[in-house]
Amino acid sequence: MTQRYCEVALPVPLRSTFTYAVPSVLDGADLLGRRVVVPFRNRAMTGVCVASTETRPPEVGRIKEIAELLDPLPAFTPKLIELGRWISRYYLAPIGESFRAMLPPEVGLRHDREYSLTDSGRARLRDLSATRQLADIDSAEIALLQLFVDAIEAIPSSRIARLRGGEALAETLIRRGHLEVHGVVRHRRARMQKIVAWNETNASSAASPAEERAREVLTATRGPLPIVLLMQQAKITRAALQRLEKTGRLLIWEEPLTAEEDPWNTNFTPPANVLNSEQKQVLGEIWRWLVAGKFAAGLLHGVTGSGKTEVYLGAIEAALSRGKTAIVLVPEIALTLWMGRLVRARFGTGVAILHSALPDVERAREWWRVRHGGPRVVVGTRSAVFAPIENIGLIIVDEEQESSYKQEEAPRYHGRDTAVYRARLEGAAVLLGSATPSLESFHNARAGKYQLLELRARVANRPLADVRIVDLREEFRHHKRATPISESLRAAIALRLEEGTQAMVLINRRGYSWSLLCRSCGAFVQCQNCSIALTYHKSRQKLECHYCGYSIRPPKQCPKCCAEYMYFVGDGAEKIEEYLREQFPKARIARLDRDTVRTKRAYQQVLGAFVDGQIDILVGTQMVAKGHDFQRVTLVGVAAADLALGRPDFRAAERTFQLLTQVAGRAGRGELSGEVLVETYYPEHYAIELAARQDYVSFYEKEAHFRRMLHYPPFTALASILVRDKKIENAIRWSRALAGCLAPFENRGVKVLGPAAAPLARLRRDYRFQFVLKSPQRSALSRALSACLDFCAAKEIPDAAILIDVDPTSLS
């Protein structure tokens, strides 16, 4: 039989696949898209078979065989394989890392190493055994080598680790050639749990109160339960349960451990909204796309509170009625919980939730449940765009402008753009939705690439919230003091507390104070690993770096000049919460940011309490700004609204406008009218003025004019190249070399800016230098980037030292 070969994509930072021979036991098996275990150097790795052939590749020496086939069903369909290849090409990412980002966690596998004795090792053992006087190290060496002689099979690393100094000695013997090591992949045992049920065939009455409680929980209330939950709910001991099992009153068996049902998704009835004429018109257009069965792309631009979510649900229902499936992408895990709740309430158990905050076991189980054809709707963050769902009819990207759709590590793909390409591959419709679309998407809609769908009015013709700008310069002149929030906002909150409605305060800064400043020499207390000032967290009494996690106690003296005049600068969410508690001691106040909610359950508890009216004032970062529907919120205050305007980023004005418009949309969504107070030192900036008017089109026109003049997206293709290293000398040398490589492309339609120190010049101990490349032709930009990678390979510049970001969402 003809020998077959497979091209396997491995999760290594290399730009090629690897060829492996297909063993005879797999003859006839379709390997395309399936995970395989292969030997790679001295270890076993899991990869994906992306192509097969019967032609032996030229200029290849000995070809190793595939060690194991993991899946009875291919993990990837041919269209998903093509999507992975496109990501690798477009974003210049290693192909193996592209496919690794698409796969679920390897919860059922464990990578290990096995050691075996070589002929040289046996000779060494004979020499040592013949020596009469041995040093301690020689005795330890004899003991380890003898272990291999006595063993029938190769010895796993876990057994070596149990020996004192065993791992270090084994590595020494490997270098000398006395031992050899190779990687293996072991299958983990599934975690099991005991399930308890009441034996209905045993008719005898309960003999004790504990037994009666167990019977009540298992029969009248819940039915069969995991033993741990039964012990909690029936308040019964394990010993008592064992006695009941012996007497035949209980039935106990084992099942694989599964995640507990999330009470957030139970007993929830979604609001019954009647579609207005605009919503019906939009859904009619989407229905025509689905009937046509061809690729179609649309941008749904609707003001905040216009009912975009109801349009999404109607579009999903239309796709399902045509026998199709759907994917819904949201920008943040927090919104995944809310959107998943709505979609599950409408479509039941045929909905899967996928995001990175799920435990690995739960995430893998959901992924494979989708692959086996169970759910027909998938809701998740950016990685859900890779969900292995087939027969796709519709992909929805909610809040499509959000930068969190951009992956910050390889492969640096954009979830929105990947969704559009996947819809094109699948012949499906893709709907991008936002009240503040990105300039790129709105430009594409105006250019005819996307069809523009609009919702111009709020549901039930409710008015937009009244937005008032608070000039902090005038506030200071009038009151002669600075407070965490303005007197205008404080008075407005007091009024809402009297009325019995709710208020939200947004400050897009975590912590208590932004930084700690020496008033003598003017130096900030900075991170040791990054060129950034540390943020003060009062609850933990720590100065912390939000990039690398470095933290210290606040120093009493300046680390540079030893002066004692230390001053905390700036107000964060923690300080505003403290100030509000002082001003309104009887109010129920909560804070929602990464410091207070680190788990899904904690987030649900805070948000659920706010929705139920158990919280009067909610202070938060941008986590509270988007997507949520709070019916009783009549006031939204935005502190330090102009924070983002000072960043060295061409998108600074756009992000400020989007954040202010989104947070303004949280007010007045119910029957009560809403008010928004925007605090700023720069009230005349066009982003703030137009956000107050919620005039997106005027903002687009003004911002697009600046972008066109300065050659930034959407009028130019953009990429950044970051050169980094722990030693600044290396980073400078490689940057200069790359400058020479890129110089010829200046005459080929590519504008090269740099090298220059990156805005964050040092991050996690790496010194960083940046190039920015612009070109009106994407093909010219791609050629320059490919030449850069080829140059780095030829000059042996480490792969980890060069970060290429195509279509970056930020240059800061």
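Here is what the cut-offs are and how they apply
Residues numbered from 1 in each chain as written. Predicted model: local features only at pLDDT ≥ 70, side-chain atom pairs only at ≥ 80, totals over all residues. Heavy atoms only, no water. Helix = DSSP H or I, 4+ residues; strand = E, 2+ residues; numbered from the N terminus. Rg over C-alpha atoms; globule rule 2.2 N^0.38 Å. Buried < 20%, exposed > 50% of the residue type's maximum accessible area, 1.4 Å probe, protein only. Contact = heavy atoms within 4.5 Å. Areas by Shrake-Rupley, 256 points an atom, 1.4 Å probe, with all protein chains shown as cover. Lys, Arg positive; Asp, Glu negative; His and termini not counted. Charge placed at Lys NZ, Arg CZ, Asp CG, Glu CD. Patch = residues over 30% accessible without salt bridge, like charges linked within 9 Å, V, L, I, M, F, W, Y side chains within 5 Å. Salt bridge = Lys/Arg side-chain N within 4 Å of Asp/Glu carboxyl O. Core = buried A, V, L, I, M, F, W, Y, C linked by side-chain atoms within 4.5 Å. Axes fitted to C-alpha atoms, helices over the stretch in contact; angles between N-to-C directions. Parallel < 35°, antiparallel > 145°, perpendicular 65-115°, else oblique. Left-handed = near helix turned anticlockwise from the far one by under 90°. Nonpolar A, V, L, I, M, F, W, Y, C, P; charged D, E, K, R; others polar. Polar contact = N/O pair within 3.5 Å; in protein donor to acceptor, adjacent residues only side chain to side chain. Phe/Tyr/Trp six-rings, centres within 6.5 Å; stacked < 30°, edge-to-face > 60°. Lys NZ or Arg CZ within 6 Å of the ring centre and 35° of its normal. Pairing = 2+ DSSP bridges. Right-handed = clockwise from strand over helix to strand, strands pointing away. Disulfide = S-S within 2.5 Å. pLDDT = per-residue confidence, 0-100. Expected span 1.5 Å × (residues − 1).

Examining the overall build of the protein
Logical step 1: Of regular secondary structure, the protein possesses 24 helices and 33 strands.
Logical step 2: On C-alpha atoms alone, the protein measures out to a radius of gyration of 31 Å, which is about the 28 Å that the 2.2 N^0.38 rule sets for 812 residues.
Logical step 3: Taking all 812 residues of the protein together, the buried fraction comes to 53%.
Logical step 4: Partitioning the intrachain contacts of the protein with sequence separation of at least 6 by distance along the chain shows that 74% fall at a separation of at least 24.
Logical step 5: When the accessible surface of the protein is summed, it comes to about 38,300 Å², and 49% of that surface belongs to carbon and sulfur atoms.
Logical step 6: Counting 113 positive and 91 negative side-chain charges, the protein places the centres of these two groups 2 Å from one another.

Points about a nonpolar patch on the surface
Logical step 1: A cluster of nonpolar side chains, contributed by Phe706, Met709 and Leu710, occupies part of the molecular surface with about 290 Å² of accessible area.
Logical step 2: Looking at where Phe706 falls in the secondary structure, it is placed in helix H22 (residues 696–710).

Quick notes on the nonpolar core
Logical step 1: Counting residues in each nonpolar core, the largest one holds 116 residues, and the members touching the most others are Phe76, Phe99, Val378, Ile721, Leu738, Leu773 and Leu785.
Logical step 2: The leading source of residues in this core is helix H24 (residues 778–794), at 8 residues.
Logical step 3: Val282, Ala296, Ala326 and Phe347 belong to the second largest nonpolar core, which has 32 residues in total.

Quick word on the packing of helix H11 (residues 308–321) against helix H12 (residues 333–347)
Logical step 1: Between H11 and H12, whose axes approach to 11 Å, the crossing angle comes to 45 degrees. Regarding the angle of H11 to H12, the classification is oblique. Like other packed secondary-structure pairs, H11 and H12 cross with a definite hand, here right-handed. Across the interface between the two elements, Thr309, Glu310, Tyr312, Leu313, Ile316, Glu317 and Leu320 of H11 pack against Met339, Leu342, Val343, Arg346 and Phe347 of H12.
Logical step 2: Its residues assigned to classes, the contact of H11 with H12 shows 8 nonpolar, 1 polar and 3 charged.

Topic: the side chain of Glu440
Logical step 1: Locating Glu440 in the fold gives a position in helix H15 (residues 439–447).
Logical step 2: A distance of 2.9 Å separates polar atoms of two side chains, one belonging to Glu440 and the other to Arg651.

A word on the packing of aromatic side chains
Logical step 1: Under the counting rule described, the total for this entry stands at 18 aromatic pairs.
Logical step 2: Centroid distance Tyr90 to Tyr91: 4.8 Å. Interplanar angle 75 degrees. Geometry classified as edge-to-face.
Logical step 3: The exposure class assigned to Tyr90 is partly exposed, which follows from its relative accessible area of 22%.
Logical step 4: Ring centres of Phe650 and Tyr712 lie 4.6 Å apart, and the angle between their planes is 10 degrees; on these two criteria the pair is classed as stacked. Placement of Phe650 in the loop between strand S28 (633–638) and helix H20 (652–664) and of Tyr712 in the loop between H22 and strand S30 (717–725) is noted, with a sequence separation of 62 residues between them. Exposure class is identical for Phe650 and Tyr712. Each is buried.
Logical step 5: Site record: aromatic cluster; members linked through ring pairs are Phe442, Phe657, Tyr686, Tyr696, Phe699, Tyr700 and Phe706.
Logical step 6: Arg509 extends its terminal NZ or CZ atom over the ring of Trp514, reaching a point 4.6 Å from the ring centre.

Points about the pairing of strand S14 (residues 351–354)
Logical step 1: Judged by which residues are buried, S14 turns out to be covered on both faces: Val351 and Ile353 on one side and Ala352 and Leu354 on the other are all buried.
Logical step 2: With 4 bridges joining them, S14 and strand S15 (residues 377–380) adopt parallel strand pairing. The residue of S15 that forms the bridge with Ile353 is Val379.
Logical step 3: In this view, the connection linking S14 to its parallel neighbour S15 by way of helix H13 (residues 360–371) has right-handed handedness.

Description of the state of the cysteines
Logical step 1: One pass over the structure, following the stated rule, counts 0 disulfides.
Logical step 2: Take Cys49: it sits in no disulfide, and the sulfur closest to it among the cysteines is that of Cys6, at 3.1 Å.
Logical step 3: Just so you know, Cys558 is unpaired, no disulfide at all, and the nearest cysteine sulfur is the one on Cys521, 3.7 Å from it.
Logical step 4: Overall, the relative accessible area of 3% leaves Cys558 in the buried class.

Things to note about the pattern of salt bridges
Pairs can form between side chains of opposite charge once their charged atoms are near each other.
Logical step 1: This structure, assessed with the given rule, holds 46 salt bridges.
Logical step 2: A salt bridge links Glu578 to Lys538; its shortest N-O distance comes to 2.7 Å. Linking Glu578 in helix H18 (residues 573–583) with Lys538 in the loop between strand S22 (535–537) and strand S23 (542–544), this pair joins segments that are 40 residues apart in sequence.
Logical step 3: By relative accessible area, which is 33% here, Lys538 ends up partly exposed.
Logical step 4: The salt bridge partner of Arg581 is Glu577, with a shortest N-O separation of 3.0 Å. Taken as a pair, Arg581 and Glu577 lie in helix H18 at a separation of 4 residues, close to a single helical turn.
Logical step 5: Residue class for Arg581 comes out partly exposed when judged on its relative accessible area of 39%.
Logical step 6: Shared partners join several salt bridges into a network, and the residues in it are Glu440, Arg651, Glu654, Glu703 and Arg707.

What to know about the confidence of the model for the protein
Logical step 1: With 93% of its residues at a pLDDT of 70 or more, the protein has an overall mean of 88.
Logical step 2: The least confident element of the protein, judged by mean pLDDT, is strand S8 (residues 179–187) at 73; the most confident is helix H14 (residues 415–426) at 98.
Logical step 3: The model gives residues 263–267 a pLDDT under 50, and that stretch makes 9 contacts with residues more than four places away or in other chains.

Topic: unusual backbone geometry
Logical step 1: The peptide bond linking Ala410 to Pro411 adopts the cis configuration, its omega dihedral lying at -5 degrees.
Logical step 2: With respect to the helices and strands, Pro411 occurs in the loop between strand S16 (392–398) and H14.
Logical step 3: Note the cis peptide between Pro713 and Pro714, where omega equals 15 degrees.
Logical step 4: Mapped onto the fold, Pro714 is located in the loop between H22 and S30.
Logical step 5: Despite not being glycine, Glu399 has its phi angle at roughly 50 degrees, a positive value.

Let's talk about H13
Logical step 1: For H13, built from 12 residues, the straight-helix expectation of 16 Å at 1.5 Å per residue is met to within 8% by its first-to-last C-alpha distance of 16 Å.
Logical step 2: Packed against the buried residues of H13 are strand S3 (35–40), helix H2 (95–102), H12, S14 and S15.
Logical step 3: Positive phi shows up at Gly373, right after H13, with a value of about 90 degrees.

Focus: the sheet that holds strand S24 (residues 551–552)
Pairing between sheet strands relies on hydrogen bonds along the backbone, with the strands arranged either parallel or antiparallel.
Logical step 1: The 3 strands lie next to each other as S22-S23-S24, forming an open sheet whose pairing is antiparallel. The open sheet has two free edges, formed respectively by S22 and S24, since each of these has just one partner strand.
Logical step 2: Relative to S24, S23 runs antiparallel, the two sharing 2 bridges. Directly across from Glu544, in S24, lies its bridge partner Ser551.

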